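Summary of structural features
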Amino acid sequence: MSSPRFYALDALRGLAIALMILVNTPGSWQHVYSPLLHASWDGFTFADIVFPTFLFVVGAAMFYSLKTTELSKESFWRISSRAFKLIAIGVLLNYVPFSVELAELRLPGVLQRIGLAYWCAALLVLSVKRSYLPLIAVALVLLYWQALVLGGGEQPYSLEHNLVRQWDLAIFGAAHLYQGFGVAFDPEGLLSTLPCVAAVLIGFGTASALQGKQHNHALRLLLLSAVALVVLAALWQLLWPVNKALWSGSYLALSSGLILLLLAILVWCIDIKGWTALAEPLKVYGTNPLFIYILSWLWAVLIGQLIFIPTDAGSVSLYQWGFEQLALVFPAKLASFVFAVLHVIGFWYLSLLLYKRNIVIKL
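The structure reproduced in this document is the subject of the present report.

1. Some thoughts on the overall build of the protein
For the protein, the helix and strand inventory stands at 13 helices and two strands. On C-alpha atoms alone, the protein measures out to a radius of gyration of 21 Å, which is about the 21 Å that the 2.2 N^0.38 rule sets for 363 residues. Its C-alpha atoms give the protein principal-axis dimensions of roughly 65 × 55 × 45 Å. Burial statistics for the protein: of 363 residues in total, 48% are counted as buried. When the accessible surface of the protein is summed, it comes to about 17,400 Å², and 67% of that surface belongs to carbon and sulfur atoms.

Here you go:
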């Protein structure tokens, strides 16, 4: 009997980009349902699962995309080239619409972290035995934990004193970091990329573990692994609080457990029950995830900072104008949510046009 294909993995990839657009494009940041906002520091919200899901699907896709099992000069440069492109595009997106002073340009970011985590994980996959990868993933997280404890003084997990911030201040400088926490601190910092490498390896390991498994067996494996990780997170958070900004070990365990639970649900719905009507739209969304993410960023900048609509009270951005029109019909938070949903639908339709023409834009 041939090994079954898991269409749930394709669906999860599409779901990741859809959720990322939903969370990143509210009509107004002043009117957002609390689950769609990231936890301010310690804690966990629905929005906090989005980025780990993206890293997970990067790892899962890597299992199928790596054409070799050994590290060579050719594979090294191919992996490095892709990582560099993602990092460079990420920095460029921070610079758009070219009104930021270079002295204040934020250097870390989402694509930069994806590129760096992908680079490290891919090199590990091609450099060591596959059976060692789970141990390496655990070692990376424990090494990161030890570094935070030893380098953060009496408050190693605080906003002001954590080692992630200290490293980024020394390497990038305060002006080149995210300023949204009230002090210079970047949630996509350099040191905190270590557990993100583990997140990519978890995605890779999951795709590898599912290979050759029958669907029912895979479902049981996913459910058991999900429960184990959530229990681990519940215990670990007593020592190391769940914190997305620092990518704590308890946060990695909790988000990974929830992702595996979500994947198990998709396996049951799509691969076991055969609900292909659910799978196909998500599969369409997952064909060009990084390109669609970049395009959604550029679109938000275009309508938010470059295109303005004249009104009786003066001009407002097209972004704000669109929200205000919806707010005439819906309550503010619902209008903000509908605004985001319309963007999810719009970018899905663009994905559909590319999908029908078999256009895959690789980055």
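The structure having been displayed, the exposition proceeds.
2. Digging into the pattern of salt bridges
The full count for this structure, using the stated rule, is four salt bridges. A salt bridge links E74 to R78; its shortest N-O distance comes to 3.9 Å. Of this pair, E74 and R78 both sit in helix α3 (residues 73-95), four residues apart, which is roughly one turn of that helix. E74 gets classed as exposed once you look at its relative accessible area, which sits at 61%. R78 gets classed as partly exposed once you look at its relative accessible area, which sits at 38%. A salt bridge links R106 to D186; its shortest N-O distance comes to 2.7 Å. Taken as a pair, R106 in the loop between α3 and α4 (110-127) and D186 in the loop between α6 (163-171) and α7 (194-210) lie far apart in primary sequence, 80 residues in all. Each member of the pair, R106 as well as D186, is classed as buried. Here the residues in one salt-bridge network are R106, D186 and E188, joined through shared partners.

3. A look at a nonpolar patch on the surface
Together, V227, V231, L235, L238 and L239 give the surface a local cluster of nonpolar side chains, amounting to about 530 Å² of exposed area. By secondary structure assignment, the location of L239 is in the loop between α8 (215-236) and α9 (249-272). Judged by relative accessible area, which is 58%, L239 ranks as exposed.

4. Section: the side chain of T25
Residue placement: T25 occurs in the loop between α1 (7-24) and α2 (50-65). A polar side-chain atom of T25 sits 2.9 Å from the main-chain carbonyl oxygen of I21. Apart from the residues lying within four places of it in its own chain, the contact partners of T25 are Y319, F339, A340 and H343.

5. Examining the pairing of strand β2 (residues 314-317)
Within a regular beta strand, the side chains point alternately toward one face of the sheet and then the other, so they alternate between its two faces. Where strand β1 (residues 308-311) meets β2, four bridges bridge the pair, whose relative direction is antiparallel. Residue pairing in the sheet places F308 in a bridge with S317 of β2. Following β1, the chain reverses through two residues before pairing antiparallel with β2.

6. Thoughts on the packing of aromatic side chains
On inspection of all chains with the given rule, the structure shows 20 aromatic pairs. An angle of 65° between the planes, with centres 6.1 Å apart, marks the rings of Y33 and F337 as edge-to-face. Taken together, the residues Y33 in the loop between α1 and α2 and F337 in helix α13 (residues 332-356) connect sequence positions 304 residues apart. Aromatic side chains W145 and W240 sit 5.2 Å apart centroid to centroid with 10° between the ring planes, which places their arrangement in the stacked category. Remark: W240 occurs in the loop between α8 and α9 and W145 occurs in helix α5 (residues 133-151); sequence separation between them is 95 residues. Take W240: its relative accessible area is 0%, and that puts it in the buried class. An aromatic cluster is defined as three or more aromatic residues linked by ring pairs; in this entry it consists of Y144, W145, Y157, W236 and W240. The ring of Y118 carries R82 above its face, with NZ or CZ at 5.0 Å from the centroid.

7. Digging into unusual backbone geometry
For the peptide bond that leads from V96 to P97, omega is 10°, which places it in the cis range. Within the fold, P97 resides in the loop between α3 and α4. We note that W247 has phi near 50°; this positive angle belongs to a residue other than glycine. Here W247 shows up in the loop between α8 and α9. On the basis of relative accessibility, which here comes to 0%, the residue W247 falls in the buried class. Backbone geometry at N358 places phi at a positive 55°, although glycine is not the residue there. Structurally, N358 is set in the segment after α13.

What counts, and at which threshold
- Residues numbered from 1 in each chain as written.
- Predicted model: local features only at pLDDT ≥ 70, side-chain atom pairs only at ≥ 80, totals over all residues.
- Heavy atoms only, no water.
- Helix = DSSP H or I, 4+ residues; strand = E, 2+ residues; numbered from the N terminus.
- Rg over C-alpha atoms; globule rule 2.2 N^0.38 Å.
- Buried < 20%, exposed > 50% of the residue type's maximum accessible area, 1.4 Å probe, protein only.
- Areas by Shrake-Rupley, 256 points an atom, 1.4 Å probe, with all protein chains shown as cover.
- Salt bridge = Lys/Arg side-chain N within 4 Å of Asp/Glu carboxyl O.
- Patch = residues over 30% accessible without salt bridge, like charges linked within 9 Å, V, L, I, M, F, W, Y side chains within 5 Å.
- Polar contact = N/O pair within 3.5 Å; in protein donor to acceptor, adjacent residues only side chain to side chain.
- Contact = heavy atoms within 4.5 Å.
- Pairing = 2+ DSSP bridges.
- Phe/Tyr/Trp six-rings, centres within 6.5 Å; stacked < 30°, edge-to-face > 60°.
- Lys NZ or Arg CZ within 6 Å of the ring centre and 35° of its normal.

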